[in-house]
Amino acid sequence: MKQQGVHPEDAEGTSDAASRPDAADEAQEQARIDEVEGDEPLLPARVHRPSDLMRLLIGVLAVVLLLGIAAFAHGTTSGLEQDINKGTGQAPDLLIKIAGLASSIAILLVPVAFAIERLIKRDGLRIADGVLAAVLAHGVTLATDLWVAKAAPGSIQEALTQPSPGDIHALTDPVHGYLAPVIAYMTAVGMSRRPRWRSVLWIVLLLDAFSMLVTGYTTPFSIILTVLIGWTVAYGTLYAVGSPNVRPTGRTLMAGLRHVGFRPVSAAREEGADAAESDRGRRYFVTLEDGPPLDVTVVDREQQAQGFFYRAWRNLTLRGFATRSSLQSLRQALEQEALLAYAAIAAGANAPKLIATSELGPDAVMLVYEHTGGRTLDSLPDDEITDELLRNTWHQVQSLQSRRIAHRRLAGDAILVDRSGTVILTDLRGGEIAAGDLLLRMDVAQLVTTLGLLVGAERAVASAVDVLGPDAVADCLPMLQPIALTRSTRATLRRLARERAQREREAVLEASKQAKQARLESTGDDTEAVALEKPDKRTVRAEARAEKRAIDDALEEAREEDLLTQIRHQVLLIRPQAPVEPARLERVRPRTLMSFIAGAIGAYFLLTQLTHIEFGPLVANAEWGWVAAAVVFSALSYVAAAMSLLGFVPERVPFPRTVAAQVAGSFVKIVAPPAVGGVALNTRFLQRAGVRPGLAVASVGASQLFGLGCHILMLLSFGYLTGTEKTPSLSPSRTVIAGLLTVAVLVLVVTSVPFLRKFVVTRVRSLFAGVVPRMLDVLQRPQKLVTGIGGMLLLTACFVMCLDASIRAFGDETTSLSIASVAVVFLAGNALGSAAPTPGGVGAVEATLTVGLIAVGLPKEVAAPAVLLFRLLTLWLPVLPGWLAFNHLTRKGTL
């Protein structure tokens, strides 16, 4: 294999033309290069790379982590500094002086030398980026020094500074003002990608750090913070302004081909693969003077960054295997694709023959293949995809699997068919040698799905069984799940699912329309008699049941199985004992990740609420009888919540599971406003319980609508009683009047502004779509309606009594409040908590309840602990049972 390196600047071909024996021929070759057909269009001068953003975020997190350790692990930082000072104190003075002198000189000479080298290479853009990064790093160091000196906690100051050896009254700099800019400059200009310069850089940094530590002018944490700031600012600068676009053009490609021994005539860019948006590289068709044409793939850093976050997510979530490294270097990508190409041919499979590789400068590589030609499998007409072609495709995959080679991307555009009908496997870049059984079975699942999309499940499975055998095909069933398929295949399956759902909706609408038309025809032509006759309830119910049966029958006829289900059925016809349970391929499920994040957020808010509370006096002064009563009322609220939900669900739903779902809601509302989290959880619970999605949303919407109405009525009623209980007049309090006027003004503002009116109407319509028909269904069952409304009243009563018991636990007879006053305070605080953007209304509810209790006459010494106890019982303490209930219901498939 021929393998050399060529830099983009070498494409000009003028640096060594005079030294070659045939300079005239070289000039002619250069003239031909200038006329390349496949030269790239005008490219952007700069590109924003996701890898730079990722490094920026990592740097910021590292700085935060370092400052956190310095702030909270004071003993560790002090011990570390003492150990380092003790070890470095034994160094000879002569060595210290030499290291300090050498590092102080080199720290300035190395950047200048590298800048000169880059200017000679005509790479001035990188130098400009380095200078900008150095200036910004210097500004960040000044700001950090000012923050540490003026506002940082004492533990951070002690970790980053120490008394200066020259002046015991002064402190050393927290961040080195000259070292951070140098690191930022060297990182931004790309010195880390050049081994020799990188080695010199690290030697200089270590010498400087050693001399500064020994002489007592810095601390270990200060050096680490300096390096992190310089590194982070450099990548932040590169991502903000963009890195110089060094993507090789067609002219550079032609020069690279000449450097590996070819004599190209023209190059044409192959369109259709949308390579500009893919990480698979740009492909060229190259003709030669003295040989068959070539297929050339060019991969640069910008294209390699495509799909970076997707690959990182797959590496994080998939169990037992992963996609290629999300931070793979160009050299690694070149070596992997070359290795897979040779391995595939050695296994006997038809794959493009790799004949040369080369680096096109430090930021691009090319792979030269023999020209294959042909069309992709997914572009062939249906009549050309014969059974023989399908079997040939499986034979190629069988050859790979016989040598434990996984392709990893057996989509339709990765399989070529030439004019003679020969099947060629391409896109081996993401494959893997010495693959395990899991990856090999995934290849079978992927290919049978790809073929099923083209010719149907029956022909796809039959062709696989003919070549691989029934056992091998049956073993792939656990892999037959969307997460095991390629990104493009999953997108196609989602599109087909949307089309099936649309056909089902159209069938249901047509059935409903026909049922209504039949009912109108059955009434006869005497419309006046029908209008005078009072409808019979039995007749109305019978017509409704008949319409529902017609819709169900139409939905059953229109329902179609998805492709994966069809493939499973075809395989089970051949191997009924084949395993069908999907394999666990996810290391971290999205729901598990959300639960972890939710728990972290809940713990954070809990700690912030409890850090400033002195529990000693509270425990000593509390009356535990009332505390126990508050606990009982808090626990009873979950039963009431289950009643209020089931009262608007005509279908039969187990009551104990509903109570458990409400307990799980106490965990969910920590990470979302109560109105949002509760609606989503209850809707999901009802769907899992067998209620149709539309009816589940309607039931929860009806419950929310009734709950809102009851809340407003109770707030007005108790507010009126609060205003009249201390005066013989029947006039309500000024607070209630002011609240009503405020609500009226808000309603007028919303209805008068078109944007706000449209926003509110859209949200309300989407939330309560189908609520009115659902409420009519509930009205036909009075016991359900009584259960729902009674549950809402009981739920409010439980919370009010819990708050009242909390007040009595810390007060006495002289500080007691009426139930009406407590109810007004609770209802106002609950309304504000539902509107507050914080999880569970944290902060807003506490402030509203405390201020409200003080406003109605409760002393501050009693109001604060009472609100704390109430929130502990209704929000924080149920979090752990809620988390357990959430996980239990999730495992049972109820959520």
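Note that the structure is predicted; figures quoted are calculated from it, not measured.

Draft legend 1. Broad picture of the overall build of the chain. When helices and strands are counted, the chain shows 35 helices and 13 strands. Counting the 895 residues in the chain, one finds 42% classified as buried. Contacts in the chain between residues far apart in sequence, at least 24 positions, make up 77% of those at least 6 positions apart. Split by element, the accessible area of the chain, about 45900 Å² in all, is 62% carbon and sulfur.

Draft legend 2. The arrangement of the packing of helix 15 (residues 437–455) against helix 21 (residues 563–574) in detail. Relative to each other, helix 15 and helix 21 sit at 110°, their axes nearing to 10 Å. Between helix 15 and helix 21, the angle is such that the two are roughly perpendicular. Two secondary-structure elements touch here, helix 15 through Val 448, Thr 449, Gly 452 and Leu 453 and helix 21 through Leu 563, Leu 564 and Ile 567. Here the contact of helix 15 with helix 21 is composed, by residue class, of five nonpolar, two polar and no charged.

Draft legend 3. Main features of the environment of Val 265. When you line up the elements, Val 265 lands in strand 6 (residues 264–269). Using a relative accessible area of 37% as the deciding quantity, one classes Val 265 as partly exposed. In sequence terms Val 265 and Asp 290 are 25 residues apart; their C-alpha atoms lie 9.6 Å from each other. If sequence neighbours within four positions are ignored, Val 265 has contacts with Met 254, Thr 287, Leu 288 and Glu 289.

Draft legend 4. Highlighting helix 16 (residues 457–468). Taking 1.5 Å per residue, 12 residues should reach 16 Å; helix 16 reaches 16 Å between its end C-alpha atoms and fits that length. For helix 16, the full list of buried residues reads Ala 457, Ala 460, Val 461, Ser 463, Ala 464, Val 465 and Val 467. Looking at the buried positions of helix 16, the neighbouring elements they touch are helix 14 (387–402), helix 15, helix 17 (470–474) and helix 21. Once helix 16 ends, the next one or two residues include Gly 469, with phi positive near 95°.

Draft legend 5. A nonpolar patch on the surface, seen in detail. On the surface, Leu 132, Leu 136 and Val 241 cluster together to form a nonpolar patch covering roughly 210 Å² of accessible area. As for its position among the elements, Leu 136 is in helix 5 (residues 124–150). The partly exposed category is assigned to Leu 136, whose relative accessible area is 40%.

Draft legend 6. Representation of the environment of Trp 876. Within the secondary structure, Trp 876 is located in helix 34 (residues 860–876). We classify Trp 876 as buried; its relative accessible area is 7%. Put simply, Trp 876 and Ile 670 are 206 residues apart on the chain and 8.6 Å apart in space, counted from C-alpha to C-alpha.

Draft legend 7. Representation of the pattern of salt bridges within the structure. Applying the stated criterion across every chain, the model contains 12 salt bridges. We note a salt bridge from Arg 575 to Asp 471, for which the minimum N-O separation is 2.9 Å. Of this pair, Arg 575 sits in the loop between helix 21 and helix 22 (590–610) while Asp 471 is found in helix 17, placing the two residues 104 residues apart along the sequence. A residue is classified by how much of its surface remains accessible, and Asp 471, at 47% relative accessible area, is partly exposed. The network of salt bridges with shared partners includes Arg 283, Arg 409, Asp 413 and Asp 427.

Draft legend 8. Here's a closer look at the packing of helix 24 (residues 624–646) against helix 25 (residues 655–668). Their axes nearest at 8 Å, the elements helix 24 and helix 25 cross at an angle of 115°. As far as their axial angle goes, helix 25 and helix 24 are roughly perpendicular. Where helix 24 crosses over helix 25, the handedness of that crossing is right-handed. Judged by residue contacts, Tyr 638, Val 639, Ala 641, Ala 642, Met 643, Leu 645 and Leu 646 of helix 24 engage Phe 655, Thr 658, Val 659, Gln 662, Val 663 and Ser 666 from helix 25. For the contact of helix 24 with helix 25, the class distribution of residues is 10 nonpolar, three polar and no charged.

Draft legend 9. Summary view of unusual backbone geometry. The residue Arg 404 is not glycine, and still its phi comes out positive at about 60°. For Arg 404, the position within the fold is in the loop between helix 14 and strand 12 (415–417). Residue classification places Arg 404 among the partly exposed positions, given a relative accessible area of 34%. Residues other than glycine seldom take positive phi values, yet Ala 434 does so here, at roughly 50°. With respect to the helices and strands, the residue Ala 434 is situated in the loop between strand 13 (423–425) and helix 15.

Draft legend 10. Representation of the nonpolar core within the structure. Counting residues in each nonpolar core, the largest one holds 54 residues, and the members touching the most others are Trp 394 and Ile 567. Of all the elements in the fold, those that place two or more residues in this core are helix 13 (330–346), helix 14, strand 12, strand 13, helix 15, helix 16, helix 17 and helix 21. Top contributing element to this core by residue count: helix 15, with nine residues. Discounting chain neighbours no more than four positions away, the residues touching Ile 567 are Val 448, Thr 449, Ala 457, Val 461 and Leu 480.

Draft legend 11. View of the side chain of Thr 449. You can see Thr 449 is positioned in helix 15. Within the structure, Thr 449 has its side chain in polar contact with the backbone oxygen of Ala 445 (distance 2.7 Å). In this structure Thr 449 touches Leu 480, Leu 485, Thr 489, Leu 563, Leu 564 and Ile 567, once residues within four positions along its chain are discounted.

Draft legend 12. Here's a closer look at the pairing of strand 10 (residues 364–370). Across the seven residues that make up strand 10, a large majority, six, are buried. Alignment of strand 8 (residues 294–300) against strand 10, held across seven bridges, turns out to be antiparallel. Bridge pairing in strand 10 links Leu 294 to Glu 370. In the sheet, strand 9 (residues 354–360) pairs with strand 10 via five bridges, with the strands oriented antiparallel. Bridged to Thr 357 within strand 10 is Leu 367.

Draft legend 13. Examining the packing of aromatic side chains more closely. Across all of its chains, the model carries four aromatic pairs by this definition. A ring pair is formed by Phe 667 and Phe 886, whose centres lie 5.7 Å apart and whose planes are at 55°; its orientation type is tilted. Of this pair, Phe 667 sits in helix 25 while Phe 886 sits in helix 35 (residues 879–891), placing them 219 residues apart in sequence. Assigned by exposure class, Phe 667 and Phe 886 land together as buried. Ring centres of Phe 826 and Phe 870 lie 6.2 Å apart, and the angle between their planes is 80°; this geometry places the pair in the edge-to-face category. Taken together, the positions of Phe 826 in helix 32 (residues 819–835) and Phe 870 in helix 34 put the pair 44 residues apart, joining distant regions of the chain.

Here is what the cut-offs are and how they apply
Residues numbered from 1 in each chain as written. Predicted model: local features only at pLDDT ≥ 70, side-chain atom pairs only at ≥ 80, totals over all residues. Heavy atoms only, no water. Helix = DSSP H or I, 4+ residues; strand = E, 2+ residues; numbered from the N terminus. Buried < 20%, exposed > 50% of the residue type's maximum accessible area, 1.4 Å probe, protein only. Contact = heavy atoms within 4.5 Å. Areas by Shrake-Rupley, 256 points an atom, 1.4 Å probe, with all protein chains shown as cover. Axes fitted to C-alpha atoms, helices over the stretch in contact; angles between N-to-C directions. Parallel < 35°, antiparallel > 145°, perpendicular 65-115°, else oblique. Nonpolar A, V, L, I, M, F, W, Y, C, P; charged D, E, K, R; others polar. Expected span 1.5 Å × (residues − 1). Patch = residues over 30% accessible without salt bridge, like charges linked within 9 Å, V, L, I, M, F, W, Y side chains within 5 Å. Salt bridge = Lys/Arg side-chain N within 4 Å of Asp/Glu carboxyl O. Left-handed = near helix turned anticlockwise from the far one by under 90°. Core = buried A, V, L, I, M, F, W, Y, C linked by side-chain atoms within 4.5 Å. Polar contact = N/O pair within 3.5 Å; in protein donor to acceptor, adjacent residues only side chain to side chain. Pairing = 2+ DSSP bridges. Phe/Tyr/Trp six-rings, centres within 6.5 Å; stacked < 30°, edge-to-face > 60°.

Purely spatial values, then, with no claim about function.
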